[in-house]
Amino acid sequence: MILLIIKSCASVISILKRSFGSGYFLTVSKVSIREGCEILSSSFVFLFWKRQQLCLLRSFCICFLNFGRPIASSLAITVPHRLIDKQTGWLNIAGLDLLYVCVGSSKGMGPRSFKPMRSGNCRQRYMILTVTILALCLPSPGNAQAQCTNGFDLDRQSGQCLDIDECRTIPEACRGDMMCVNQNGGYLCIPRTNPVYRGPYSNPYSTPYSGPYPAAAPPLSAPNYPTISRPLICRFGYQMDESNQCVDVDECATDSHQCNPTQICINTEGGYTCSCTDGYWLLEGQCLDIDECRYGYCQQLCANVPGSYSCTCNPGFTLNEDGRSCQDVNECATENPCVQTCVNTYGSFICRCDPGYELEEDGVHCSDMDECSFSEFLCQHECVNQPGTYFCSCPSGYILLDDNRSCQDINECEHRNHTCNLQQTCYNLQGGFKCIDPIRCEEPYLRISDNRCMCPAENPGCRDQPFTILYRDMDVVSGRSVPADIFQMQATTRYPGAYYIFQIKSGNEGREFYMRQTGPISATLVMTRPIKGPREIQLDLEMITVNTVINFRGSSVIRLRIYVSQYPF
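What counts and how
Residues numbered from 1 in each chain as written. Predicted model: local features only at pLDDT ≥ 70, side-chain atom pairs only at ≥ 80, totals over all residues. Heavy atoms only, no water. UniProt positions renumbered as here; feature names shortened; annotations may be inferred. Helix = DSSP H or I, 4+ residues; strand = E, 2+ residues; numbered from the N terminus. Phe/Tyr/Trp six-rings, centres within 6.5 Å; stacked < 30°, edge-to-face > 60°. Buried < 20%, exposed > 50% of the residue type's maximum accessible area, 1.4 Å probe, protein only. Polar contact = N/O pair within 3.5 Å; in protein donor to acceptor, adjacent residues only side chain to side chain. Contact = heavy atoms within 4.5 Å. Patch = residues over 30% accessible without salt bridge, like charges linked within 9 Å, V, L, I, M, F, W, Y side chains within 5 Å. Areas by Shrake-Rupley, 256 points an atom, 1.4 Å probe, with all protein chains shown as cover. Salt bridge = Lys/Arg side-chain N within 4 Å of Asp/Glu carboxyl O. Lys, Arg positive; Asp, Glu negative; His and termini not counted. Charge placed at Lys NZ, Arg CZ, Asp CG, Glu CD. Pairing = 2+ DSSP bridges. Axes fitted to C-alpha atoms, helices over the stretch in contact; angles between N-to-C directions.

### So, the UniProt feature "domain: EGF-like" (unreviewed entry) in the chain
UniProt tags residues 248–288, 289–327, 328–367 and 368–408 as "domain: EGF-like" (unreviewed entry). As annotated, residues 289–327 comprises 0% helix and 41% strand, and the C-alpha atoms at either end are separated by 29 Å. Spanning residues 328–367, this segment combines 10% helix with 40% strand, and its end C-alpha atoms are found 29 Å apart.

Here it is in structure tokens:
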């Protein structure tokens with residue numbers, strides 16, 4: 001089989017061209033090799049042309065595979081395992097160096113199944129097929145020079161491809177200490193210190209060139225290709241200055257830009273861009289204002305303005321130097337609007353009053369608090385309000401205790417702070433004292449002690465009178481809670497067969513008291529109604545003795561004087 005493949009140019013994956021000196025070009029293509037039903041793949045295809053333009057037919061490409069004879073020492077071709085035998089050779093047809101490859105194929109996997117191909121048949125069949133392809137592939141005279149390869153430009157007068165002097169047309173083709181040297185189809189950048197080139201290279205464009213292309217010069221030899229002079233043209237966005245240098249055109253300064261009136265022009269190297277000022281963004285060719293307030297640029301209050309924004313702070317805050325964040329204002333340190341005590345808070349302040357004062361409705365001034373109006377139990381006796389405070393007072397005859405609210409009676413009799421004479425007896429009361437005169441026993445009673453009167457039995461006038469009258473004194477506070485047991489009386493002697501009856505003989509006209517007998521020989525005086533003072537009450541409490549054995553009936557009286565104080569303490 002002859003591996004000569006005709007494929008569509010659209011199926012060639014890549015074509016790389018590289019100069020090899022005297023007009024040789026290397027084309028690398030990836031194709032498929034078909035033999036019967038077998039498909040073999042190769043990654044490299046080499047095609048050499050000598051002094052001819054590469055055949056790039058509109059619809060065909062010619063590719064020759066080389067599996068046996070490497071083109072260069074650096075190019076090694078690996079033969080697939082399915083290609084067991086191969087025959088190679090070189091032909092020159094119409095000035096074209098062609099490589100043919102004849103390979104045998106194997107239907108199986110082992111070397112015994114290989115079917116060799118005769119060399120004569122391969123060369124003959126290859127020549128016939130190649131002549132047919134070249135007849136189709138070689139360009140016609142009318143369009144042979146319709147296109148030029150890279151590095152050449154078509155001369156419309158002569159119809160020939162002339163070399164492009166890149167050293168003239170490309171600004172700063174070589175930079176730094178490198179100088180540009182024009183080559184046939186390209187250019188080189190070499191150091192200026194190279195001994196071969198003493199100065200910058202210049203192409204002598206004098207007369208149009210019509211002869212054949214000279215052979216490639218050896219490396220590092222001074223090129224001397226004849227070229228055709230033509231005017232220097234700057235790239236788009238550049239213009240020629242007085243020194244024949246291509247300089248950038250400032251479209252923004254010359255007002256040759258196409259920016260929208262809402263945009264601003266920014267000049268760039270070889271062109272310009274249309275942009276927007278700060279605070280605007282480009283949307284469909286228009287500069288629209290950016291609402292910075294939507295993106296939280298401000299810490300507190302934000303007001304959007306065309307192209308910018310403004311930050312403000314709530315009352316009680318001040319704007320920082322960054323123009324965005326807010327800082328609390330210490331009103332207490334600056335103006336102190338409070339009358340008494342100022343307490344700074346985040347973004348505000350509060351006024352506080354000293355103890356005994358209350359804050360008024362304006363939140364700034366303080367007024368005295370009337371603590372005495374809060375409760376009647378604040379003081380035991382009287383609450384006296386003062387600015388910012390209060391105190392408790394006690395009536396005459398009392399002193400204020402350590403709790404500063406309770407009152408305690410002063411015992412004037414013990415402290416000898418009374419006005420009683422020597423004949424009188426000082427009796428201390430709640431909140432005062434009482435000077436009691438000595439008792440006087442009325443007829444037929446006789447005084448037998450300081451507080452007792454007795455009526456003799458032998459005196460006929462004593463028959464219906466109590467046998468003894470005992471004087472007793474006591475005091476109670478005003479408004480004492482009832483019922484209350486306030487006094488107890490009891491028989492001192494108990495006789496066999498006798499029993500006792502206790503009763504209130506006189507002084508209970510208001511029915512504030514009653515006697516409750518608590519035992520055979522005892523009874524208790526009970527106060528049933530609260531009594532308001534100051535007041536003096538005298539009760540005769542009678543104890544009747546009845547003895548049925550000896551048929552005896554007698555009585556004794558306790559004359560109880562009750563002093564009700566003015567205050568309930």
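Now, onward.
### Regarding the packing of aromatic side chains
Applying the stated criterion across every chain, the model contains seven aromatic pairs. Centre to centre, the rings of F317 and Y346 are 4.8 Å apart; their planes meet at 75°, and the pair counts as edge-to-face. Remark: Y346 occurs in the loop between β22 (341–345) and β23 (348–352) and F317 occurs in strand β20 (residues 317–319); sequence separation between them is 29 residues. Judged by its relative accessible area of 16%, F317 is buried.

### Some points on the side chain of T468
Of note, T468 is situated in strand β34 (residues 468–476). Only 3.4 Å separates the side chain of T468 from the side chain of S556, close enough to count as a polar contact. Dropping the residues within four chain positions of it, T468 is found in contact with R452, C453, M454, S555, S556 and V557.

### A look at a negative patch on the surface
Taken together, E358, E360, E361 and D362 make up a surface patch of like negative charges. Tracing the backbone through its elements, the reader meets D362 in the loop between β24 (357–359) and β25 (366–368).

### Remarks on the sheet that holds strand β35 (residues 484–490)
Taken in spatial order, the three strands of this open sheet run β35-β38-β37, and their pairing is antiparallel. In the strand order of this sheet, the two ends are held by β35 and β37 (513–517), each with one partner. Each adjacent strand pair in this sheet contributes to an overall mean axis angle of 25°, direction not counted. Here five bridges tie β37 to strand β38 (residues 522–527), and the two strands are oriented antiparallel to one another. Looking at the pairing, F513 lines up with M527 of β38.

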